[in-house]
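Residue strings, one per chain:
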Amino acid sequence: SSSKRHQAAAAAVRERLMAGDTLAEAMQYRSDYFPKLLTQMVEAGEHAGGLDQTFAYMSRYYRDLRETRGSFIRQITWPAIQCVMAIGVVSLLILLLGVLFDKNSEYDPLGWGL
């Protein structure tokens, strides 16, 4: 039920494990799929004998990373919309003033030289 890319990476890791490599070596073989930090932490967990704790820690780390990114996107969306709307309003004002007032006129309604 997973993506083809995930299935290919899992199959490659399985083949490397069957060939006698450690989990970290198998994951490094597919460095295009697994993040470098994860493979380094798995290697450290293998050497320390706490691979289960390493996976639990990395699970929390990546969950927190996803939540932080999502929170940032949610918080920046409305200010970005407001900025685009403000630029649109100012552009429309400049366009209308250019259409309504003669360019040779000495009257500048805003006083900005637009």
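Every value quoted in this text rests on a predicted model; they were computed, and no experiment measured them. (Residues numbered from 1 in each chain as written. Predicted model: local features only at pLDDT ≥ 70, side-chain atom pairs only at ≥ 80, totals over all residues. Heavy atoms only, no water.)

Side note on the packing of aromatic side chains
- According to the stated counting rule, one finds two aromatic pairs in the structure shown.
- Pairing Tyr33 with Phe34 gives two aromatic rings, centres 5.0 Å apart and planes at 90 degrees, and the pair type is edge-to-face.
- Residue classification places Tyr33 among the partly exposed positions, given a relative accessible area of 24%.
- Ring centres of Tyr61 and Tyr62 lie 5.0 Å apart, and the angle between their planes is 70 degrees; on these two criteria the pair is classed as edge-to-face.
- In this structure Tyr61 comes out as partly exposed when scored by relative accessible area, which is 33%.
- Residue Tyr62 is classed as partly exposed on the basis of its relative accessible area, which comes to 28%. (Phe/Tyr/Trp six-rings, centres within 6.5 Å; stacked < 30°, edge-to-face > 60°. Buried < 20%, exposed > 50% of the residue type's maximum accessible area, 1.4 Å probe, protein only.)

Details of the environment of Phe55
- Structurally, Phe55 can be placed in helix α4 (residues 51-100).
- Here the alpha-carbon distance between Phe55 and Val42, two residues 13 residues apart in the chain, equals 7.5 Å.
- Apart from the residues within four sequence positions on either side, Phe55 is in contact with Leu23 and Val42. (Helix = DSSP H or I, 4+ residues; strand = E, 2+ residues; numbered from the N terminus. Contact = heavy atoms within 4.5 Å.)

Topic: the nonpolar core
- Of all hydrophobic cores here, the largest spans 10 residues; its members are Ala9, Val13, Leu23, Ala24, Ala26, Met27, Phe34, Leu38, Val42 and Met58.
- Among the secondary structure elements, those contributing two or more residues to this core are α1 (4-18), α2 (23-29) and α3 (36-48).
- A per-element tally of this core places α2 first, with four residues.
- The contacts of Ala9, once residues within four sequence positions are left out, are Arg30, Tyr33 and Phe34. (Core = buried A, V, L, I, M, F, W, Y, C linked by side-chain atoms within 4.5 Å.)

Examining the side chain of Arg30
- Tracing the chain through its elements places Arg30 in the loop between α2 and α3.
- A residue is classified by how much of its surface remains accessible, and Arg30, at 14% relative accessible area, is buried.
- At a separation of 3.5 Å, a polar atom in the side chain of Arg30 contacts the main-chain carbonyl oxygen of Ala8. (Polar contact = N/O pair within 3.5 Å; in protein donor to acceptor, adjacent residues only side chain to side chain.)

Remarks on the pattern of salt bridges
- This model, assessed by the stated rule, comprises two salt bridges.
- Note that Asp21 and Arg16 form a salt bridge whose closest N and O atoms lie 2.8 Å from each other.
- Classification of Arg16 as partly exposed rests on a relative accessible area of 29%.
- With a closest N to O distance of 3.0 Å, Asp32 and Arg30 form a salt bridge.
- You can call Asp32 exposed: its relative accessible area is 51%. (Salt bridge = Lys/Arg side-chain N within 4 Å of Asp/Glu carboxyl O.)

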